[in-house]
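# Chains, contacts and geometry: an overview
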Amino acid sequence: MSLEQLIKNCVKQDAKAQSQLYKQYASKLFSLCLKYSKNYAEAEDNLHDAFITVFSKIDQYNNKGSFEGWLKRIAINTSLQRYRENVGVFDIVNEGNIEDVTVDINDKDVHIDFLLKIIQELPDRYRLVFNLYVLDGYSHVEISELINISIGTSKSNLARARMILKEKIEDYKANSNSRSL
């Protein structure tokens, strides 16, 4: 069945079409939800809620842009909504104290599983901003609107996330080098 027909059948609330759509996109959307969730269980909840939204609003998809992109936007927004509901007030940050730190996430000496693990270990607000900015290409203005923080706080959270990641990567490399000697 073509994607267009699958969408039409989902609009009609066809359970088989919904099941097929879920099977086709669940793993991609789950990995996306996991990036924006505290843990595996929360990511599963976010995926479930995202698909509820998808099936209730699929009639609003108007074939502008990719369908997968539309699904991803719903999954990200669902995860961020849960985060906003569970978080109180953000710290106000003085932007003048922000140090620009770079992290090479393409470093060949650092295994991808380790990178994913340390990104997931970041404090929630740092992880969200890091993922949105570095991995998904959002601007600080967009991030500030998505998670209801100031642009300065977004920049600060990104800088702090990068600093934490840089320290962990340096420790990892130092420990890897000392083991190989």
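Everything quoted here is computed from the prediction, not taken from an experiment.

The residue Gln13 is not glycine, and still its phi comes out positive at about 65 degrees. Following the sequence through the fold, Gln13 ends up in the loop between helix H1 (3-11) and helix H2 (15-35). Located in the positive-phi region is Asn63, a residue other than glycine, with phi close to 60 degrees. Position of Asn63 relative to the elements: it lies in the loop between helix H3 (40-57) and helix H4 (67-86).

This brings us to the nonpolar core. One finds Leu21, Phe67, Leu80 and Leu132 to be the most contacted residues of the largest nonpolar core, which totals 47 residues. Where this core is concerned, the elements lending two or more residues are H1, H2, H3, H4, helix H5 (112-121), helix H6 (124-135), helix H7 (140-147) and helix H8 (151-180). It is H2 that contributes the most residues to this core, eight residues altogether. Residues contacting Leu132, with those up to four places away along its chain left out, are Tyr36, Ile76, Leu80, Gly137, Tyr138, Ile143 and Leu146.

At their nearest, the axes of H1 and H2 sit 8 Å apart, and the two run at 125 degrees to each other. It follows from the interaxial angle that H1 and H2 lie oblique. Pair H1 / H2 crosses with left-handed handedness. Between H1, through Leu3, Leu6, Asn9 and Cys10, and H2, the contact on the second element is made entirely by Ala17, Gln18, Gln20, Leu21, Gln24 and Tyr25. Residue composition of the contact of H1 with H2, grouped by class: six nonpolar, four polar and no charged.

Scoring rules and cut-offs
- Residues numbered from 1 in each chain as written.
- Predicted model: local features only at pLDDT ≥ 70, side-chain atom pairs only at ≥ 80, totals over all residues.
- Heavy atoms only, no water.
- Helix = DSSP H or I, 4+ residues; strand = E, 2+ residues; numbered from the N terminus.
- Core = buried A, V, L, I, M, F, W, Y, C linked by side-chain atoms within 4.5 Å.
- Buried < 20%, exposed > 50% of the residue type's maximum accessible area, 1.4 Å probe, protein only.
- Contact = heavy atoms within 4.5 Å.
- Axes fitted to C-alpha atoms, helices over the stretch in contact; angles between N-to-C directions.
- Parallel < 35°, antiparallel > 145°, perpendicular 65-115°, else oblique.
- Left-handed = near helix turned anticlockwise from the far one by under 90°.
- Nonpolar A, V, L, I, M, F, W, Y, C, P; charged D, E, K, R; others polar.

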